[in-house]
Amino acid sequence: MVIESWKPEETYEFGKKLGEDAKPSDVYCLNGDLGVGKTVFTQGFASGLGIKEPVNSPTFTIVNQYEDGRLPFYHFDVYRIGDVSEMDEIGYEDCFYGEGVSLIEWSNLIKELLPDHVITITIEKDLEKGFDYRKITVEGM
């Protein structure tokens, strides 16, 4: 599935729709360069789960956990991970295979740890179509 977003609010709303449809043990892999709107998408996704608190990228903590939505939400940013063994230290298996939903930014850095079935979301810019244009590709749904 390919979605075209022409402004950040559309990216947010698409994330929200996916969050509303998310089920326990779903793992979403969110890919895209710096500045493409991964955080905006994730904030919408969290809203779709019913999370009210502010959602920011866990760049330096690797994972932020949110428990106040209809499902627990585990937001990973593994961009700064030095070694995949760091994922063991934070208990990634409980997140990936538990009752919550995981969303992983830069998932390609830990691909050997990912479950067999993931939903992959790729966000890309195309400046020829405008500064706020985003192409959002979803695979695995």
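Thresholds, definitions, all that
- Residues numbered from 1 in each chain as written.
- Predicted model: local features only at pLDDT ≥ 70, side-chain atom pairs only at ≥ 80, totals over all residues.
- Heavy atoms only, no water.
- Helix = DSSP H or I, 4+ residues; strand = E, 2+ residues; numbered from the N terminus.
- Rg over C-alpha atoms; globule rule 2.2 N^0.38 Å.
- Buried < 20%, exposed > 50% of the residue type's maximum accessible area, 1.4 Å probe, protein only.
- Core = buried A, V, L, I, M, F, W, Y, C linked by side-chain atoms within 4.5 Å.
- Pairing = 2+ DSSP bridges.
- Contact = heavy atoms within 4.5 Å.
- Axes fitted to C-alpha atoms, helices over the stretch in contact; angles between N-to-C directions.
- Phe/Tyr/Trp six-rings, centres within 6.5 Å; stacked < 30°, edge-to-face > 60°.

(A) Structural detail: the overall build of the chain. Each helix and strand in the chain was counted, giving four helices and seven strands. Secondary structure of the chain in N-to-C order comes out as β-α-β-α-β-β-α-α-β-β-β. Expected size for 141 residues packed as a compact globule is a radius of gyration near 14 Å; at 14 Å, the chain falls within 12% of this value. Once the C-alpha set of the chain is aligned to its principal axes, its extents read approximately 45 × 30 × 25 Å. A total of 141 residues make up the chain; the buried ones form 46% of that total.

(B) Here's a closer look at the nonpolar core. Core analysis: the biggest nonpolar cluster contains 22 residues, and Tyr28, Phe41, Phe45, Leu49, Phe73 and Ile121 have the highest contact counts within it. Ranked by size, the runner-up nonpolar core spans 18 residues in total, among them Cys29, Ile81, Leu113 and Val118.

(C) Geometry of the pairing of strand S3 (residues 63-66). In this structure, S3 lies alongside strand S4 (residues 73-77), joined through four bridges in antiparallel fashion. The residue bridging Tyr66 from the neighbouring strand is Phe73, located in S4. Counting the residues that bridge the hairpin from S3 to S4 gives six residues.

(D) Examining the side chain of Thr42 more closely. Mapped onto the elements of the fold, Thr42 is located in helix H2 (residues 38-48). In this view, Thr42 contacts Leu30, Val55, Phe73, His75, Leu103 and Glu105; residues no more than four positions away in its chain are not counted.

(E) Region of the structure containing the sheet that holds strand S1 (residues 2-5). Strand order in the open sheet formed by seven strands is S1-S7-S6-S2-S5-S4-S3, and the pairing between neighbours is mixed. The open sheet has two edge strands with one neighbour each: S1 and S3. For this sheet the average axis-to-axis angle between neighbouring strands, irrespective of direction, equals 15°.

(F) Fine view of the packing of aromatic side chains. Summed over all chains, the structure comprises 10 aromatic pairs. Centroid distance Phe45 to Phe73: 5.5 Å. Interplanar angle 40°. Geometry classified as tilted. Here Phe45, found in helix H2, pairs with Phe73, found in strand S4; they are 28 residues apart in sequence, far enough to count as distant. Given a relative accessible area of 0%, Phe45 falls into the buried group.

(G) Structural context of the environment of Lys125. Here Lys125 shows up in strand S6 (residues 119-125). C-alpha separation for the pair Lys125 and Val36, spaced 89 residues apart in sequence, amounts to 6.3 Å. Residue contacts for Lys125: discarding those within four places in its chain leaves Gly35, Val36, Tyr133 and Arg134.

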